[in-house]
Amino acid sequence: MAAPKVSFTLKGDTELRHILKKMSYKDMQRAYRKALTDSMKPLQNEAKKQLRRAGIKNVNKPYISRKTGKTYKSMLQGIMTSVDVRDPEDNYAKVHIMGEFRLKWFEKGTALRKTYSKGNRGRIHGKRFFRNAVDNKGRECRESLEQNIKKSIQRLWERK
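Residues numbered from 1 in each chain as written. Predicted model: local features only at pLDDT ≥ 70, side-chain atom pairs only at ≥ 80, totals over all residues. Heavy atoms only, no water.

1. Some words on the side chain of Ser-152
Rules: A run of H or I in DSSP becomes a helix once it reaches four residues, and a run of E becomes a strand once it reaches two; helices and strands are each numbered from the N terminus. Whether a residue is buried, partly exposed or exposed follows from its accessible area with a 1.4 Å probe, protein chains only, as a fraction of its type maximum: under 20%, in between, or over 50%, in that order. Only heavy atoms enter the contact rule, under which two residues are in contact if any of them lie within 4.5 Å.
Take Ser-152: it is sitting in helix α4 (residues 129-159). Owing to a relative accessible area of 5%, Ser-152 belongs among the buried residues under this scheme. Not counting residues up to four positions away in its chain, the partners in contact with Ser-152 are Ala-31, Lys-34 and Ala-35.

Structure follows, in structure tokens:
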């Protein structure tokens, strides 16, 4: 399926400079943050889809601790996107699985775990759901960034 075409076209650097001069720094940051977030959405959705397919039980349900009764997020909610555009030289967007503590073990797996009294606690085989998602959608995210920046600048410019 082809990506939708954007009706917003810049005829040259002069037009882009003119638009960016009229925008405030805060508006430019907002547009860039929105574009980075939109570019990471396919990867986040693919990671959630791969997690559902991995064969792990109860990925939609929150975890309730037996000892303290504390409620943790569901594993699907633990796949999160982070964006930082505060420093002009170090802008980044990432999708990570560290929003929920169990996902790390299901991604990488664990070694055979035993207690001091030789009780066997088993092991977790790595499902590699996140690596598969990055392999499937990582390239698409990088390629869509420029198009998403143009879209977000267009939306912001049309509002003003």
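2. Some details on α4
Defined as follows: Here the bend at a residue is taken as the angle between two axes, fitted respectively to the seven residues that end there and the seven that start there.
The largest bend in α4 is about 50 degrees, located at Lys-137. Of all the residues in α4, the buried ones are Phe-129, Phe-130, Ala-133, Gly-138, Cys-141, Ser-144, Asn-148, Ser-152, Ile-153, Gln-154 and Leu-156.

3. Observations concerning the packing of aromatic side chains
Here a ring pair, both rings aromatic, is described through the centre-centre distance and the interplanar angle of the planes. Applied cut-off: Here the aromatic set is Phe, Tyr and Trp, taking the six-membered ring for Trp, and pairing holds for ring centres within 6.5 Å; pairs whose planes are under 30 degrees apart are stacked, those over 60 apart are edge-to-face, and all others are tilted.
Counted under the stated rule, the structure contains four aromatic pairs. Ring centres 5.9 Å apart and planes at 70 degrees place the aromatic pair Tyr-63 and Phe-101 in the edge-to-face group. With Tyr-63 in strand β1 (residues 63-64) and Phe-101 in the loop between β4 (92-96) and α3 (103-108), this pair connects stretches of sequence that are 38 residues apart. For the ring pair Phe-101 and Trp-105, a centre distance of 5.9 Å and an interplane angle of 85 degrees mean the geometry is edge-to-face. Of the residues examined, Phe-101 reaches a relative accessible area of 34% and is grouped as partly exposed.

4. Side note on the packing of helix α2 (residues 25-53) against α4
To describe two helices that pack against each other, one gives the angle between their axes and the distance between the axes. Our working rule: All axes are obtained by fitting lines to C-alpha atoms, using only the stretch in contact for helices, and the reported angles, taken between N-to-C directions, cover 0 to 180 degrees. Angle categories: roughly parallel below 35 degrees, roughly antiparallel above 145, roughly perpendicular from 65 to 115, and oblique for all the rest. If you view the pair so one helix is near and one far, a crossing is left-handed when the near helix is turned anticlockwise from the far one by less than a right angle, and right-handed when it is turned clockwise. In this count, Pro and Cys sit with the nonpolar residues alongside Ala, Val, Leu, Ile, Met, Phe, Trp and Tyr, while Asp, Glu, Lys and Arg are called charged and the others, Gly among them, polar.
α4 packs onto α2 with a crossing angle of 155 degrees between their chain directions and a minimal axis gap of 7 Å. On the basis of the axis angle, α2 is roughly antiparallel to α4. Classified by chirality, the crossing of α4 by α2 is right-handed. Across the contact of α2 with α4, the residue classes tally to 18 nonpolar, seven polar and seven charged.

5. Topic: unusual backbone geometry
You will see that Asn-58, though not glycine, has its phi angle at about 55 degrees, which is positive. Relative to the assigned elements, Asn-58 resides in the loop between α2 and β1. One non-glycine residue, Lys-118, lies in the positive phi region at around 65 degrees. Counting through the fold element by element, Lys-118 comes out in the loop between β5 (113-114) and β6 (120-122).

6. Observations concerning the environment of Gly-138
Mapped onto the secondary structure, Gly-138 falls in helix α4. For Gly-138, a relative accessible area of 8% translates into the label buried.

So far we have only geometry, and geometry alone does not tell us how the molecule works.
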